[in-house]
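Here's the letter readout for the chains.
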Amino acid sequence: MGSILVVTEILGGNISDTSRELLSKARELSQTLGAEVVAVGFGSESAQALARIDADRAIAVTGQAVEQYLPLAYERSLLQVMEQESPQLTMIANTTMGLDLGAGVAATRGISLAAYCNGLAVEGDEIIAQSQVFAGKLLAEAVLPSEGAVVTILPGSFPASEVEGHPTVTTVDAVSAPGMSLIQVLEPEKGDVDITRADILVSVGRGIQDPENLTLADELADAIGGVVSCSRPVVDAGWLPKARQVGKSGQTVKPKLYLALGISGAPEHLQGMKDADLIIAANTDESASIMDVAHYGTTVDILDLMPALTERLRGE
Amino acid sequence: MRILVLSKSVPDLVEELALDEDSGELLHDDMTYVPSEWDDHALEEALLLKDEVGAEVTVLAVDTGDVDNMLFTALAKGADHAVKLTGDFDLATSNRKRAQAIANYLRDNPFDLVLSGVQAIDDIDGQIPAMVAGLLEWPHASVVTEVSIQGDQIHFRQEYGGGLQAELAAQTPLVLGIQAARKPPRYASVAKVRQMMKSSTVDEVDASADAVPELEIRRFFKPVAAGHAEMIEGEPDEVADRIITILKERKLVRG
């Protein structure tokens, strides 16, 4: 019987929500394929966490080398597990860990990878992976080879498994990898404001064009009683601090109002704000991805719109 | 310290992607290609290391037919050498095949540190830096910022979700997928790039890649959006009036 290997992430003794999403999809695929679901986790807390998940078997990789996250030791250890299991399919979340491990283990093992996957289905005896590419503008369907492929899966693609199971857990020793070591974990920077607590966010993206234009966003935020946040390019350009960043590698926010100004809506950004109560987006491109999650949209220039809004708010 | 920077070009998303909707094939020749922005950050980080400690920076691209301008631009920004891997490559060449060609080149030409953009918008079959590292079985990390050279070790930061980061140390040779450089990528004027085209050369290296496992892509297609914003038409003043009305209705502003 073939197997589906699910690479889990364990935080504070618990399986991450994203890992549970992978487990629910693995269970669905396993029933069609007649395969068993095998979960792998890392660190001394993993055996206990894995003992409660919906998998047929689980493998806890333990040892000093994987006690804290280190890309090299995790990759070497995962390769050892894949060598023993020869899974038909290996599922890894497209997190930093997934970006570290997915393409690397696929290349080392000489097997195919489908990246940015947000759908998996069985057709006959083939697994079809759907991937999101070109910043969400296109989807692609790939036929995965039966001799073992790796898929890296976008968080939020599948419902999280709520099923409690009783898999047999075996423990294996981690592969030590002295070539890479942890110096320190850096806690999130505390900014001057906490954007996750704001009811109204005036969020700016690449469309702000110039750091001087941030004044317009500051004035609007001040007039509306909100806080300025931003998308990744604004932080990368050094125009706003990291603590203001909304999205996958920044903060996840759920304000009452999210004004998306000059933000195109890369998947990583949408992941961090799509659950806001009301989203109003201004972007010169009506087909930008942000318009798919926004309730209201406009294509007027944000450099005209921001002062027009500020003027009206101040005049009240 | 010898640093290799991997660069590739990708379709410009400012323009409409060229797709044959009947066959589901991408029409590569009908699209404008631009350097992948993450690779620009990788080059910038390499040039910052060169400025600080005097590293030798080589920029490399697989010859997909449109890479000379990108390589001369890198030279104009301060890279020391430019290499073009020639062979059976075109714009449709998979990342896996590119990674194999780059790994073959690295076996023959030793470098201490390989920097590349952590990802590109079209890497459906995997990210190049991780695959190069996997093929060579070199250490690798992705989503990296703030690289520094500390003696014979490389120190760097790795970003996780929610703003959490870690500082890691690694031995060379090492491959890093760069998320963002410490500074915005520098700019090279058109005049300077033209000057480089006259005064410098791009080394061409034959890099016919072995057969690689290719991902069988059945089709590309446009996503059907679950919803779309209700568009507010008009001049900025009219749009602003309508937005204020919506906010008042929802009691998000006073009035």
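Residues numbered from 1 in each chain as written. Chains lettered and ligands numbered in written order. Predicted model: local features only at pLDDT ≥ 70, side-chain atom pairs only at ≥ 80, totals over all residues. Heavy atoms only, no water.

As annotated in an unreviewed UniProt entry, chain B carries the name Electron transfer flavoprotein subunit beta and is attributed to Sulfobacillus benefaciens. Per UniProt, chain B has the following entry under Subunit (unreviewed entry): "Heterodimer of an alpha and a beta subunit." In its Sequence similarities (unreviewed entry) section, the UniProt entry covering chain B states "Belongs to the ETF beta-subunit/FixA family." (UniProt positions renumbered as here; feature names shortened; annotations may be inferred.)

Taking an unreviewed UniProt entry as the reference, chain A is identified by name as Electron transfer flavoprotein subunit alpha/FixB family protein belonging to Sulfobacillus benefaciens. UniProt, in the comment section headed Sequence similarities (unreviewed entry), describes chain A in these words: "Belongs to the ETF alpha-subunit/FixB family."

(A) Molecular detail of the overall build of chain B. Secondary structure assignment for chain B yields six helices and 15 strands. In terms of overall dimensions, chain B has a C-alpha envelope of 70 × 45 × 40 Å along the principal axes. Out of the 255 residues belonging to chain B, those deemed buried represent 56%. For chain B, the computed accessible surface area is about 11,100 Å², with 45% contributed by carbon and sulfur atoms. (Helix = DSSP H or I, 4+ residues; strand = E, 2+ residues; numbered from the N terminus. Buried < 20%, exposed > 50% of the residue type's maximum accessible area, 1.4 Å probe, protein only. Areas by Shrake-Rupley, 256 points an atom, 1.4 Å probe, with all protein chains shown as cover.)

(B) Examining the interface of chain A and chain B more closely. Opposite the 82 residues of chain A that make contact, chain B presents 86 residues. For chain A, the biggest contributors to the area lost against chain B are Phe134, Glu141 and Tyr296 of chain A; these three give 10% of the whole. Across the contact surface, chain A and chain B share eight salt bridges. Notably, a salt bridge pairs Arg218 of chain B with Glu141 of chain A, separated by 3.1 Å at the nearest N-O pair. Run the count over chain A and chain B and you get 32 residue pairs in polar contact (both at pLDDT 80 or more). Grouping the amino acids of the side of chain A that touches chain B by side-chain chemistry returns 44 nonpolar, 18 polar and 20 charged. Direction of pairing for strand β9 (residues 138-144) of chain A relative to strand β14 (residues 216-221) of chain B: antiparallel, over a ladder of five bridges. By the bridge assignment, Ala142 of chain A is partnered in β14 of chain B with Ile217 of chain B. (Contact = heavy atoms within 4.5 Å. Buried area = accessible area lost by both parts, 1.4 Å probe. Salt bridge = Lys/Arg side-chain N within 4 Å of Asp/Glu carboxyl O. Polar contact = N/O pair within 3.5 Å; in protein donor to acceptor, adjacent residues only side chain to side chain. Nonpolar A, V, L, I, M, F, W, Y, C, P; charged D, E, K, R; others polar. Pairing = 2+ DSSP bridges.)

(C) Here's a closer look at the packing of aromatic side chains. Tallying each qualifying case throughout the model produces four aromatic pairs over all chains. Ring centres of Phe42 of chain A and Tyr74 of chain A lie 4.3 Å apart, and the angle between their planes is 25 degrees; on these two criteria the pair is classed as stacked. Taken together, the positions of Phe42 of chain A in strand β4 (residues 36-42) and Tyr74 of chain A in helix α3 (residues 71-85) put the pair 32 residues apart, joining distant regions of the chain. What makes Phe42 of chain A buried here is its relative accessible area of 7%. Using a relative accessible area of 8% as the deciding quantity, one classes Tyr74 of chain A as buried. Their ring planes at 35 degrees and their centres at 6.3 Å tell us that Tyr105 of chain B and Phe111 of chain B sit as a pair that is tilted. Judged by its relative accessible area of 7%, Tyr105 of chain B is buried. In textbook terms, an aromatic cluster arises when at least three aromatic residues are bridged by ring pairs, as seen for Phe42, Tyr69 and Tyr74 of chain A together with Tyr160 of chain B. Over the face of the ring belonging to Phe111 of chain B we find Arg2 of chain B, whose NZ or CZ atom lies 4.3 Å from the ring centre. A cation sits over an aromatic face here: Arg219 of chain B above Phe221 of chain B, 3.8 Å from the ring centre. (Phe/Tyr/Trp six-rings, centres within 6.5 Å; stacked < 30°, edge-to-face > 60°. Lys NZ or Arg CZ within 6 Å of the ring centre and 35° of its normal.)

(D) Fine view of the packing of helix α4 (residues 96-109) of chain A against helix α4 (residues 128-136) of chain B. Running from amino to carboxyl end, α4 of chain A crosses α4 of chain B at an angle of 45 degrees, the nearest separation of the two axes being 7 Å. Accordingly, the angle class assigned to the pair α4 of chain A and α4 of chain B is oblique. Between α4 of chain A and α4 of chain B lies a crossing whose hand is right-handed. From α4 of chain A, Leu99, Ala103, Gly104, Ala107 and Thr108 of chain A reach across to α4 of chain B, where they touch Ala130, Met131, Gly134 and Leu135 of chain B. (Axes fitted to C-alpha atoms, helices over the stretch in contact; angles between N-to-C directions. Parallel < 35°, antiparallel > 145°, perpendicular 65-115°, else oblique. Left-handed = near helix turned anticlockwise from the far one by under 90°.)

(E) The environment of Ile224 of chain A, seen in detail. Residue and element names in this part refer to chain A. Considering the arrangement of structural elements, one finds Ile224 in helix α5 (residues 214-224). Classification of Ile224 by relative accessible area gives buried; the value is 8%. Taking C-alpha positions, Ile224 is 49 Å from Leu5, a pair spaced 219 residues apart along the chain.

(F) Structural detail: the packing of helix α9 (residues 302-315) of chain A against helix α6 (residues 236-249) of chain B. Between α9 of chain A and α6 of chain B, the least distance of the axes is 9 Å, while the angle of their chain directions is 50 degrees. Taken together, the axes of α9 of chain A and α6 of chain B are oblique relative to one another. By crossing handedness, the relation of α9 of chain A to α6 of chain B is classed as right-handed. Residues Asp304, Leu305, Ala308, Leu309, Arg312 and Leu313 of chain A of α9 of chain A pack against Pro236, Asp237, Val239, Ala240, Asp241, Ile243 and Ile244 of chain B of α6 of chain B. Among the residues forming the contact of α9 of chain A with α6 of chain B, the class breakdown is nine nonpolar, no polar and four charged.

(G) Structural view of the sheet that holds β4 of chain A. On the basis of which strands lie adjacent, the open sheet formed by ten strands has the order β11(A)-β5(A)-β4(A)-β1(A)-β6(A)-β10(A)-β7(A)-β8(A)-β9(A)-β14(B) and mixed pairing. The sheet is open, and its two borders are formed by β11 (168-173) of chain A together with β14 of chain B, each paired with just one other strand. Between one strand axis and the next, the sheet turns through 30 degrees on average, direction left out of account. Pairing between strand β5 (residues 57-62) of chain A and β11 of chain A: six bridges, direction parallel. Within β11 of chain A, the position partnered with Val61 of chain A by the bridge is Val172 of chain A. Where α3 of chain A meets the sheet, its contacts fall on β1 (3-7), β4, β5, β6 (89-93), β10 (149-153) and β11 of chain A, and the angle it forms with β4 of chain A comes to roughly 155 degrees. The sheet strands contacting α4 of chain A are β1, β4, β6, β7 (113-123) and β10 of chain A, and the helix crosses β10 of chain A at an angle near 165 degrees.

(H) Main features of the domain arrangement of chain A. Residue and element names in this part refer to chain A. Here the domain parsing of chain A yields domain 1 (3-173) and domain 2 (195-315). Between the C-alpha centres of domain 1 and domain 2 there is a distance of 34 Å. Counting residues at the interface gives eight residues for domain 1 and six residues for domain 2. Taking both sides of the interface into account, the surface hidden between domain 1 and domain 2 amounts to around 460 Å²; carbon and sulfur atoms contribute 44%. Its largest share of buried area at the contact with domain 2, domain 1 owes to Ala135, Lys137 and Pro155, together 58% of the area lost on that side. Measuring nitrogen to oxygen at the nearest pair gives 3.8 Å for the salt bridge that ties Asp285 to Lys137. (Domains from an automatic or database assignment.)

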